Amino acid sequence: MSTETLTITDNRTGKQYEIPITQGAIRAMDLRQIKTGPKDFGIMSYDPAFANTASCRSAITFIDGEQGILRYRGYPIEQLAEQSTFLEVAHLILQGELPSAPQLRDFVNHITHHTFIHENITRFIDGFHHDAHPMGILVSTIAALSTFYPDAKRIFDAPARALQSHRLIAKTPTLAAFAYRHSIGRAYAYPDNDLSYTGNFLNMMFKQTELQYRPNPVLERALDVLFILHADHEQNCSASAMRGVGSSLADPYSAMAAATAALYGPRHGGANEVSVRMLREIGHVRNIPGYIKQVKAGEFRLQGFGHRIYKNYDPRARIIKRIADQVFEVTGKSPLIDIAVELERIALEDEYFISHRLYPNVDFYSGIIYEAMGFPLDMFPVLFAIGRTPGWLAQWQEMLVDTETAIARPRQVYIGSGQRDYTPMAER
Ligand code: ACO
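Here is what the cut-offs are and how they apply
- Residues numbered from 1 in each chain as written.
- Predicted model: local features only at pLDDT ≥ 70, side-chain atom pairs only at ≥ 80, totals over all residues.
- Heavy atoms only, no water.
- Pairing = 2+ DSSP bridges.
- Helix = DSSP H or I, 4+ residues; strand = E, 2+ residues; numbered from the N terminus.
- Axes fitted to C-alpha atoms, helices over the stretch in contact; angles between N-to-C directions.
- Parallel < 35°, antiparallel > 145°, perpendicular 65-115°, else oblique.
- Left-handed = near helix turned anticlockwise from the far one by under 90°.
- Contact = heavy atoms within 4.5 Å.
- Nonpolar A, V, L, I, M, F, W, Y, C, P; charged D, E, K, R; others polar.
- Phe/Tyr/Trp six-rings, centres within 6.5 Å; stacked < 30°, edge-to-face > 60°.
- Buried < 20%, exposed > 50% of the residue type's maximum accessible area, 1.4 Å probe, protein only.
- Lys NZ or Arg CZ within 6 Å of the ring centre and 35° of its normal.
- Arc of directions from axis to C-beta.
- Salt bridge = Lys/Arg side-chain N within 4 Å of Asp/Glu carboxyl O.
- Polar contact = N/O pair within 3.5 Å; in protein donor to acceptor, adjacent residues only side chain to side chain.
- Near = heavy atom within 4 Å.
- Areas by Shrake-Rupley, 256 points an atom, 1.4 Å probe, with all protein chains shown as cover.

Engineer: Got a minute to help me understand the sheet that holds strand β5 (residues 75–76) in this structure?
Structural biologist: Note: strands within a sheet are paired through backbone hydrogen bonds, in either parallel or antiparallel orientation. The strand order across the open sheet built from three strands is β3-β4-β5, with neighbouring strands paired in antiparallel fashion. Lying at the two open borders of the sheet, with one neighbouring strand each, are β3 (61–64) and β5. Where β3 lies against strand β4 (residues 69–72), four bridges are found, and the strand directions are antiparallel. Paired with F62 across the two strands is R71, which belongs to β4.

This is how it looks when you write it as structure tokens:
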């Protein structure tokens with residue numbers, strides 16, 4: 001008998017089953033053979049929120065949440081944040097390997113020349129109310145892009161897939177910046193192809209009357225590193241949405257609109273926004289103990305703390321904390337940083353946070369940097385979406401070419417009424 005198996009005894013029947021274990025997992029479908037009789041459907045696994053269910057096999061991102069390790073395609077996040085660029089990381093995530101110099105030139109060239117959006121999309125953005133949340137605008141305009149690119153339906157054609165990926169990585173910052181300019185009633189600043197990916201994004205966000213916008217190199221690099229840190233995070237809520245919608249063979253724009261919508265919520269990418277709102281609400285370090293008391297009483301959660309996977313310090317938060325110092329040298333120190341550092345110190349010494357294994361996550365410090373750089377709060381999840389775009393696309397592509405892929409369709413444990421007869425209205 002192989003030792004890489006699990007023996008299950010069904011106490012209802014006394015029967016034993018031997019189930020293979022592969023890479024630390026059993027196949028849930030192997031449970032189906034466990035039945036009390038021929039009419040029995042067989043056992044399912046019940047796993048709300050997929051807390052212990054692997055939905056796919058993936059070669060993109062490795063996370064060890066116990067030890068606080070994050071790697072893209074095997075490369076530690078610390079090395080990529082130190083030595084790489086966002087577009088190089090995007091290539092790595094999408095193609096599986098770091099690009100050679102000519103490959104990178106080619107990739108950057110493709111992305112740079114797809115930054116413009118159709119003028120009809122700008123008119124579509126014009127139609128939103130002046131105070132529309134930019135994340136709502138982003139979700140809608142990403143979905144709208146699918147109507148402009150009918151070739152996006154050719155999802156099993158590798159060059160067509162690559163083209164849509166280039167378009168999405170290139171156009172997401174343009175949509176994001178235009179959404180912001182619309183919300184403040186300022187004319188759109190068109191892409192400047194002489195600038196870097198993040199330099200151009202800062203240009204589209206903040207350009208005023210100058211002939212050519214010159215990004216501050218420290219802020220340009222800081223944003224590039226922040227995008228690297230957000231580029232992928234394996235099967236999180238938004239990546240699962242991307243894969244789930246993509247598994248119905250929808251085009252990548254529609255699937256990415258769904259992923260962006262998933263990111264919008266405060267339990268996911270919206271946490272950087274609410275985390276800064278929370279720090280503002282706390283207002284002063286002296287208010288921290290009282291605030292922590294309320295969190296422990298279950299009145300609300302400490303935003304930017306805790307993670308489904310990390311039960312240790314989120315390695316991205318550690319890098320972001322370092323970038324904050326470089327950014328503050330240019331922008332001046334954010335008053336929120338002292339509150340954040342003290343909040344972290346007190347929380348990490350507190351029995352509640354220790355026993356619940358709650359540490360700062362990526363959203364705890366990123367919002368403070370974005371705020372110092374001049375981004376309004378409601379743009380924070382939008383920034384997250386720009387960084388996460390290559391990850392979503394890599395997950396989508398991996399899902400499509402996986403021979404085991406089928407339409408995502410979980411089971412349920414039905415707990416409703418048994419069959420009953422329709423009651424006429426007069427008898428209810
Ligand atoms: N503050 C206080 N208590 C918390 C927090 C928090 N931030 N997070 C979890 N807990 C507590 C819960 O109350 C629960 O306590 P209990 O067992 O005593 O009832 C326990 O820790 C487990 O919480 P769950 O919600 O079951 O943990 P889960 O893994 O499902 O949640 C999540 C992870 C959603 C990130 C959660 O920690 C949270 O809500 N954090 C705040 C929001 C946030 O920062 N989100 C960003 C996540 S990172 C990202 O998406 C990029």
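Back to the text.
Engineer: Looking at this structure, I do not really get the packing of helix α8 (residues 217–230) against helix α16 (residues 362–372). What am I missing?
Structural biologist: When two helices pack together, their arrangement is given by the angle between their axes and by how far apart the axes lie. Taken N-terminus to C-terminus, the directions of α8 and α16 make an angle of 155°; their axes are 12 Å apart at the nearest point. Taken together, the axes of α8 and α16 lie roughly antiparallel to each other. In the packing of α8 onto α16, the handedness of the crossing is left-handed. For the pair formed by α8 and α16, the contact residues are L223, L226 and H230 on the first element and V362, S366, I369 and Y370 on the second. Its residues assigned to classes, the contact of α8 with α16 comprises five nonpolar, two polar and no charged.

Engineer: Quick question: what am I supposed to make of the packing of aromatic side chains here?
Structural biologist: Evaluation of the coordinates by the stated rule reveals 19 aromatic pairs. Consider the rings of F364 and Y365, whose centres lie 4.9 Å apart with planes at 80°: the pair is edge-to-face. As far as the burial class goes, F364 and Y365 line up, both buried. Joined through ring pairs, the aromatic side chains of F86, Y180, Y197, F201, F206, F227, Y370, F375 and F380 make up one cluster. R318 extends its terminal NZ or CZ atom over the ring of Y313, reaching a point 4.6 Å from the ring centre.

Engineer: Before we go on, may I ask you to explain helix α12 (residues 288–296) in this structure?
Structural biologist: Every buried residue belonging to α12 is among I288, Y291, I292 and V295, and all of these are buried. On an axial view of α12, the arc spanned by its buried residues comes to 100°, and they lie on one face. In the core, the buried residues of α12 are packed alongside α11 (271–282), α14 (335–349) and α15 (351–355). Two residues or fewer after α12 comes G298, characterised by a positive phi angle close to 80°.

Engineer: How should I be thinking about the pattern of salt bridges in this particular structure?
Structural biologist: According to the stated counting rule, one finds 16 salt bridges in the structure shown. A salt bridge links R12 to D10; the shortest N-O distance between them is 2.9 Å. Measuring nitrogen to oxygen at the nearest pair gives 2.6 Å for the salt bridge that ties R243 to E398. Of this pair, R243 sits in helix α9 (residues 237–246) while E398 is found in helix α17 (residues 380–401), placing the two residues 155 residues apart along the sequence. A relative accessible area of 15% means that E398 is categorised as buried.

Engineer: Looking at this model, I keep getting lost on the side chain of S247. Mind explaining?
Structural biologist: Secondary-structure assignment places S247 in the loop between α9 and α10 (252–264). Judged by relative accessible area, S247 falls into the buried class, the value being 7%. One polar contact links the side chain of S247 to the main-chain amide nitrogen of A408, over a distance of 2.8 Å. Once you skip the residues sitting within four places of it in the chain, S247 turns out to touch M399, A406, I407 and A408.

Engineer: It is not clear to me how helix α4 (residues 119–126) should be interpreted in this structure. Could you clarify?
Structural biologist: Since there are 3.6 residues in each turn of an α-helix, residues three or four apart along the chain are aligned in direction. Where α4 is concerned, the buried positions are I121, T122 and I125. All buried residues of α4 fall inside an arc of 105° around its axis, so they share one side.

Engineer: Please clarify how the site of the ligand should be interpreted in this entry.
Structural biologist: Around the ligand sit 20 residues in total, of which R301, L302, G304, F305 and H356 are the nearest. A distance of 2.9 Å is found between an oxygen atom of the ligand and a backbone nitrogen or oxygen belonging to G304. In the complex, 71% of the free accessible area of the ligand, which totals 920 Å², lies under the protein chains. Tallied by class, the residues present in the shell around the ligand amount to nine nonpolar, seven polar and four charged.

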